[in-house]
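# A closer look at the structure
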Amino acid sequence: MNIPFLDLETLHQSILEEMKEKFEEVVSSNQLILGPELAAFEKEFAEYCGVSHAVGVSDGLEALIMLLEAHGIGEGDEVIVPSNTFIATWLAVTACKAIPVPVEPDLATYNITADTVAKAITTKTKAIIAVHLFGQPADIEKLEELANSTGVLVFEDAAQAHGAKTQSGRTVGSFGSGAAFSFYPGKNLGALGDGGAITTNSAEVADFVRRRRNYGSIEKYVHEIPGRNSRLDELQAAFLRVKLMRLNGWNERRRSIAAYYLDTINTDEVVLPQKPMGHVPVHHLFVVCARERDRLQSFLHERGVGTGVHYPVPPHKQMCYKEYASIHLPIAERLSQQMLSIPIGPTMSDAQVAYVAETINSFKP
């Protein structure tokens, strides 16, 4: 059996006719930038997340940068970030000339917690970025309480968590001072190219991002702030609208696959992820840990099971952050050597899911 890590072809074939219709509508309209499809998507996505405003931008990194900029994060400010995350979380901080302060995650959930973050807060701390890594909600409600009690800001990096909910029933993207989303093609809600958005309940923040993404302008040729070109185009917004209608169903399928894995994978060779009680993850990735990660990956590859490694080098060990090279972050370093992502796409058949679990259970290093 051949099981790709993520089967976008099958997913897109299931909605191809609607995507073609949207393509024709956008092309015929001649409104290719900042038009009605983007406006409609922003309204629909804001409602989906339970917030007042969503603003589409060119990608997830730009969304996070502009969200920080809108709140005055700048040179010398300390921003607490997870030690274990995709590098974009750190890049957004340094793009604002602020200082990333890494905090180690909980090994059970791969996310930072309020308890560990509290120990890292100093007089220079301006903000916390809570990453809902792999589609698992972070300890965001407690982090929000901590931020309020200490006078710092808290932002959500929700790039992998479209539609996830916390134990209170609130949707990710509705907490703190705002959230940043990515619509990279492989995301649960993915465009057919790059894309991103911020969500917020602040009209002022939404207005800033709308101007910042468009050369600092709302009215053509009137530039009120220094801006740049960072817009979500009409075609991608149109495609995202088609997918948004199906997102809950796709997420539910991911949850059913995850539940099967958690019930069925029973080998001592891997450690399965855990979810905090009551949270509703969306399983953008299903990540196991294995002492013999590379051997397990080769074993699965030889038997037709696609895998991924998220992420093989933690941010503090990347060349672009050489100033952090001497810092020892043992949990992030351990995870980078042991984590392996296995298939969990919403188009997987029951037989494919069973085969992945059976193959992992048969692994003997």
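A brief structural summary.

Cut-off values and rules
Residues numbered from 1 in each chain as written. Predicted model: local features only at pLDDT ≥ 70, side-chain atom pairs only at ≥ 80, totals over all residues. Heavy atoms only, no water. Helix = DSSP H or I, 4+ residues; strand = E, 2+ residues; numbered from the N terminus. Rg over C-alpha atoms; globule rule 2.2 N^0.38 Å. Buried < 20%, exposed > 50% of the residue type's maximum accessible area, 1.4 Å probe, protein only. Contact = heavy atoms within 4.5 Å. Areas by Shrake-Rupley, 256 points an atom, 1.4 Å probe, with all protein chains shown as cover. Lys, Arg positive; Asp, Glu negative; His and termini not counted. Charge placed at Lys NZ, Arg CZ, Asp CG, Glu CD. Salt bridge = Lys/Arg side-chain N within 4 Å of Asp/Glu carboxyl O. Phe/Tyr/Trp six-rings, centres within 6.5 Å; stacked < 30°, edge-to-face > 60°. Lys NZ or Arg CZ within 6 Å of the ring centre and 35° of its normal.

Attention now goes to the overall build of the protein chain. Looking only at helices and strands, the protein chain has 13 helices and 9 strands in total. In terms of overall size, the protein chain behaves like a compact globule, its C-alpha atoms giving a radius of gyration of 20 Å where 365 residues would be expected to give roughly 21 Å. Reported as C-alpha extents along the three principal axes, the dimensions of the protein chain are approximately 65 × 55 × 40 Å. Counting all 365 residues of the protein chain, 56% fall into the buried class. Long-range contacts, defined here as pairs at least 24 residues apart, represent 70% of the contacts in the protein chain between residues at least 6 apart. A total of about 15,800 Å² of accessible surface is found on the protein chain, and carbon and sulfur atoms cover 51% of it. Taken together, the 33 basic and 44 acidic charged side chains of the protein chain have centroids lying 2 Å from each other.

Per the stated rule, a full pass over the model turns up 20 salt bridges. Residue E224 is joined to R211 by a salt bridge in which the shortest nitrogen-to-oxygen separation is 1.9 Å. Of this pair, E224 sits in the loop between α8 (203-212) and α9 (234-244) while R211 sits in helix α8, and the two are 13 residues apart along the sequence. You can call R211 buried: its relative accessible area is 16%. Where E252 meets R255, a salt bridge forms, and the shortest distance between an N and an O atom there is 3.1 Å. With E252 and R255 both in helix α10 (residues 247-264) and 3 residues apart, the pair spans about one turn of that helix. Residue classification places E252 among the partly exposed positions, given a relative accessible area of 45%. By sharing partners, the salt bridges in this structure join K22, E25, E37, E44 and R241 into a single network.

Here we take up the packing of aromatic side chains. Applying the stated criterion across every chain yields a total of 12 aromatic pairs. Aromatic side chains F86 and Y311 sit 5.5 Å apart centroid to centroid with 40° between the ring planes, which places their arrangement in the tilted category. Placement of F86 in the loop between β2 (78-82) and α5 (88-95) and of Y311 in the loop between α11 (293-302) and α12 (330-338) is noted, with a sequence separation of 225 residues between them. Owing to a relative accessible area of 46%, F86 belongs among the partly exposed residues under this scheme. Given the relative accessible area of 14%, Y311 is considered buried. Counting every residue linked through ring pairs, the aromatic cluster contains F41, F45, Y48, F181 and F183. Directly above the ring of F299 sits R303, whose terminal nitrogen or CZ lies 3.7 Å from the centroid.

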